[in-house]
Amino acid sequence: MATETSERGRSARERFVGAFASRANRLGITAGPALVWLFLLLLTPLTFMVAVSFTSVDTFTYQIIWEPTLANYDQLFAGEGPFWQTAFFQSLALSYFIAAVTTVLCLVLAFPLAYLLARRGGTTFKVVIFLVLLPFFTMYLVRAYSWYLMFGPSGVLNSTLMRIGITDGPLGIFNYGVPAIIVGLTHAYFPYMLLSLYASLDGLDFSLTEAARDLGASRAETLRDVILPLVLPGIISGSLFVFVPALGAFITPRFLGQGKVLMIGQLIESRINSLYAIGYGSAASMFIVASIVVAFALAFRYVSIEDLGGV
Amino acid sequence: MATETDSGTETERGTPTERGTGTRILDHERKEWLLGRGLYVVAGALLVFLWIPLAVMIVLSFTVNASTFFPFRGVTLAHYGATFADEALMRSLWHSVQVATIAASIATLLGVLASFALARFAFPLKEAYRTFGILPMVIPGVVLGIALLIYFRTLLPQLFGITIVPGFWTVVLTHSVYGLPFVLLIVTSRLYTFDESLEEAARDLGADPLTVFRDVTLPIVAPAIGAGFLFAWIRSFEDFIRAFFVRGTMDVLTTSMFSMIKYGTAPKMNAISSFIVLVIAVVLAVAMNVGNVSGMVAGTEGEEE
């Protein structure tokens, strides 16, 4: 009995190994499953989303009527006045603005810290990286919520200032709105920028900067002509990973805007959830997708896909 | 970038007018010292910025008045008691743990296999395959959530006659796709630095392919697989927007927290959030001492809504 089981065990093992014998089989087994998964749960839904954006939905049965129409796109830009006064266009423009300011802010703030981390090793590095990573790993929702407590007319910032006696009433700047959203998004995506820049700066040969200085370049010139070109892939991939999610943000504007600011993600969500307007939502989503395709196309002129992974 | 600096601390110190004459006014060493200090000041200020809202929230989780400091009414543990006694909240926490574990397992299995395909084989449309594999991380949550909602709710039943009621499994499926890129990026980067001659040596010494995989390949790749799993797990656990669309009537932790903020129940929100910060702090401290977490992280900038 014992030998028979081990015989069977061996043959199962041999069959398993045998399945990997040919190159085609190995490729099929390794590449296949993910391909099937991505095809079923990513490519098909996204393709259909594009299709749905050109259809209409029966208002009673919520069934899609498969007749091509531009009504959804028309609706995005149709309103009382010209197209730039429609809710959709204003929210799209505002989202671009907020995402752009957030990206620049993250870049300016993260550069010095990334430089410090790249130049200093040891305990300083470990402690700082821990202090940076912990908020990074903390749930995004929790971080958005923590700023929600800070801002607002009776939030921690305003109530503390009033208590200390610096101001008499709540300050507008600490109320919910665009500044609060920018702070919240900067806090949320700052680590992406930092880690991208750090990955680039860490691979930088600092003897090059010393050489530049020895040859008479000023600090500014060294930064401009030596450091910046070499860390450009990091700057670009970091910017991409801040700009793209900031553009489609939902939670942060939802809580830190408190209804005063409508970013594109919220606009889409509200139409889908309250009206099940999937055609409208899909059409609006196409503008986010198109923006992202453009952003990546621009980025790929300077970096390769491997740079984005930091590999 | 017109200000003098070798470090990008242009926001910190050094005015344009100091350039040119500044080198003569400030002697070299003093300037180096100031630049060094400046860098630390900036770093310190940033850490304060990163930490202050979380610190405030943690303090508020222990105070009687849960949304602002003033008027201060005392310290209490009651919020924690109420939070852990909240059955609906604990149930959604348990859902999140289950969803994250199953989704991260699927993502890890598929991601590790795909990484081997990318690292070991040349095949047609390889770059397209790689891009396709990274895509779920790049597509904004709102878009992926809606696309999958339409897919599960409308297209599958209407066009293909397949009914998957949005709920636990739709969230698992969604998160398994979302987690895939994180595994893929970490494991491929590890495989690229892997010295394949080790495998060849083992084979030359008579090991069969399975033994080579188990005794040579796996131990070297295992930390990356573990890190990939952890990333996929955290991404699933903290994801709100994708789950929000495809969850049906099931609540995961993030959707419960969302309603808590929306309906203004700050005390429990502070407590559960602070508790999560604590858990993550412990896990991260352990992980950083076991493996090269920062190296891993640098290779996987992702997106979050």
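Residues numbered from 1 in each chain as written. Chains lettered and ligands numbered in written order. Predicted model: local features only at pLDDT ≥ 70, side-chain atom pairs only at ≥ 80, totals over all residues. Heavy atoms only, no water.

- The name given to chain B in an unreviewed UniProt entry is ABC transporter permease, and the organism recorded there is Halorussus limi.
- Here chain B is described in UniProt, under the heading Sequence similarities (unreviewed entry), as follows: "Belongs to the binding-protein-dependent transport system permease family. CysTW subfamily."
- Here is the UniProt Subcellular location (unreviewed entry) comment for chain B, exactly as written: "Cell membrane". (UniProt positions renumbered as here; feature names shortened; annotations may be inferred.)

- The name that an unreviewed UniProt entry assigns to chain A is ABC transporter permease, with the source organism given as Halorussus limi.
- Heading Sequence similarities (unreviewed entry) of the UniProt record for chain A holds this comment: "Belongs to the binding-protein-dependent transport system permease family. CysTW subfamily."

### Some thoughts on the UniProt feature "domain: ABC transmembrane type-1" (unreviewed entry) in chain B
Part 1 of the reasoning: The UniProt record annotates "domain: ABC transmembrane type-1" (unreviewed entry) at residues 93-288 of chain B.
Part 2 of the reasoning: For residues 93-288 of chain B, the helix share is 83%, the strand share is 0%, and the end-to-end C-alpha distance is 25 Å. (Helix = DSSP H or I, 4+ residues; strand = E, 2+ residues; numbered from the N terminus.)

### A closer look at the interface of chain A and chain B
Part 1 of the reasoning: Opposite the 111 residues of chain A that make contact, chain B presents 122 residues.
Part 2 of the reasoning: Summing the contributions of chain A and of chain B, the shared interface buries around 10,500 Å²; its carbon and sulfur component is 77%.
Part 3 of the reasoning: Contact with chain B buries surface across chain A, with F137, M139 and R219 of chain A losing the most and accounting together for 8% of the total.
Part 4 of the reasoning: Along the contact surface separating chain A from chain B lie 0 salt bridges.
Part 5 of the reasoning: Across the contact surface, chain A and chain B share 9 residue pairs in polar contact (both at pLDDT 80 or more).
Part 6 of the reasoning: At 22 residues, helix α2 (residues 23-52) of chain A tops the list of elements feeding residues into the side of chain A that touches chain B.
Part 7 of the reasoning: Partitioning the side of chain A that touches chain B into residue classes produces 78 nonpolar, 21 polar and 12 charged. (Contact = heavy atoms within 4.5 Å. Buried area = accessible area lost by both parts, 1.4 Å probe. Salt bridge = Lys/Arg side-chain N within 4 Å of Asp/Glu carboxyl O. Polar contact = N/O pair within 3.5 Å; in protein donor to acceptor, adjacent residues only side chain to side chain. Nonpolar A, V, L, I, M, F, W, Y, C, P; charged D, E, K, R; others polar.)

### So, the pattern of salt bridges
All names here are of chain B.
Part 1 of the reasoning: Counted by the stated rule, this structure contains 5 salt bridges over all chains.
Part 2 of the reasoning: Between E238 and R235 there is a salt bridge; the shortest N-O distance is 3.1 Å. With E238 and R235 both in helix α9 (residues 209-238) and 3 residues apart, the pair spans about one turn of that helix.
Part 3 of the reasoning: Note on R235: relative accessible area 4%, which makes it buried.
Part 4 of the reasoning: Ionic pairing is found between R242 and D239, a salt bridge with its closest N-O pair at 2.6 Å.
Part 5 of the reasoning: What makes D239 buried here is its relative accessible area of 0%. (Buried < 20%, exposed > 50% of the residue type's maximum accessible area, 1.4 Å probe, protein only.)

### Quick notes on a nonpolar patch on the surface
All names here are of chain B.
Part 1 of the reasoning: Judged by side-chain polarity, F84, L230, F275, L278, V279, V282, V283 and V286 come together as a nonpolar surface patch covering roughly 650 Å² of accessible area.
Part 2 of the reasoning: Per-element accounting of the nonpolar patch gives the leading share, 6 residues, to helix α12 (residues 266-290).
Part 3 of the reasoning: Here V279 shows up in helix α12. (Patch = residues over 30% accessible without salt bridge, like charges linked within 9 Å, V, L, I, M, F, W, Y side chains within 5 Å. Areas by Shrake-Rupley, 256 points an atom, 1.4 Å probe, with all protein chains shown as cover.)

### Examining the packing of helix α4 (residues 87-119) of chain A against helix α13 (residues 278-299) of chain A
Residues and elements named next belong to chain A.
Part 1 of the reasoning: Packing of α4 against α13 brings their axes to within 12 Å, and their N-to-C directions diverge by 30 degrees. Relative to α13, α4 is oriented roughly parallel. The two elements α4 and α13 meet at a crossing, and its hand is right-handed. For the pair formed by α4 and α13, the contact residues are F88, L92 and Y96 on the first element and Y280, A284, F287 and S291 on the second.
Part 2 of the reasoning: Its residues assigned to classes, the contact of α4 with α13 shows 6 nonpolar, 1 polar and no charged. (Axes fitted to C-alpha atoms, helices over the stretch in contact; angles between N-to-C directions. Parallel < 35°, antiparallel > 145°, perpendicular 65-115°, else oblique. Left-handed = near helix turned anticlockwise from the far one by under 90°.)

### Quick word on the packing of aromatic side chains
Part 1 of the reasoning: In the structure shown here, the tally under the stated rule is 30 aromatic pairs over all chains.
Part 2 of the reasoning: Ring plane angle 85 degrees and centroid distance 5.1 Å describe the contact between F84 of chain B and F275 of chain B, whose orientation is recorded as edge-to-face. Here F84 of chain B is found in helix α3 (residues 78-85), whereas its partner F275 of chain B is found in helix α12, with 191 residues between them in sequence.
Part 3 of the reasoning: The exposure class of F275 of chain B is partly exposed, given its relative accessible area of 30%.
Part 4 of the reasoning: Ring pairing ties together the aromatic residues Y145, Y148, Y176, F250 and F255 of chain A together with F240, F244, F245 and F258 of chain B, which thus form one cluster.
Part 5 of the reasoning: Its guanidinium or amino end placed over the ring of Y280 of chain A, R271 of chain A lies 4.1 Å from that ring's centre, counting from NZ or CZ.
Part 6 of the reasoning: The ring of Y178 of chain B carries R242 of chain B above its face, with NZ or CZ at 3.7 Å from the centroid. (Phe/Tyr/Trp six-rings, centres within 6.5 Å; stacked < 30°, edge-to-face > 60°. Lys NZ or Arg CZ within 6 Å of the ring centre and 35° of its normal.)

### Side note on the confidence of the model for chain A
Part 1 of the reasoning: Scored by pLDDT, chain A comes out at a mean of 81, with 92% of its residues at no less than 70.
Part 2 of the reasoning: Taken element by element, chain A is modelled with least confidence in helix α14 (residues 305-309) of chain A, mean pLDDT 59, and with most confidence in α4 of chain A, mean pLDDT 89. (pLDDT = per-residue confidence, 0-100.)

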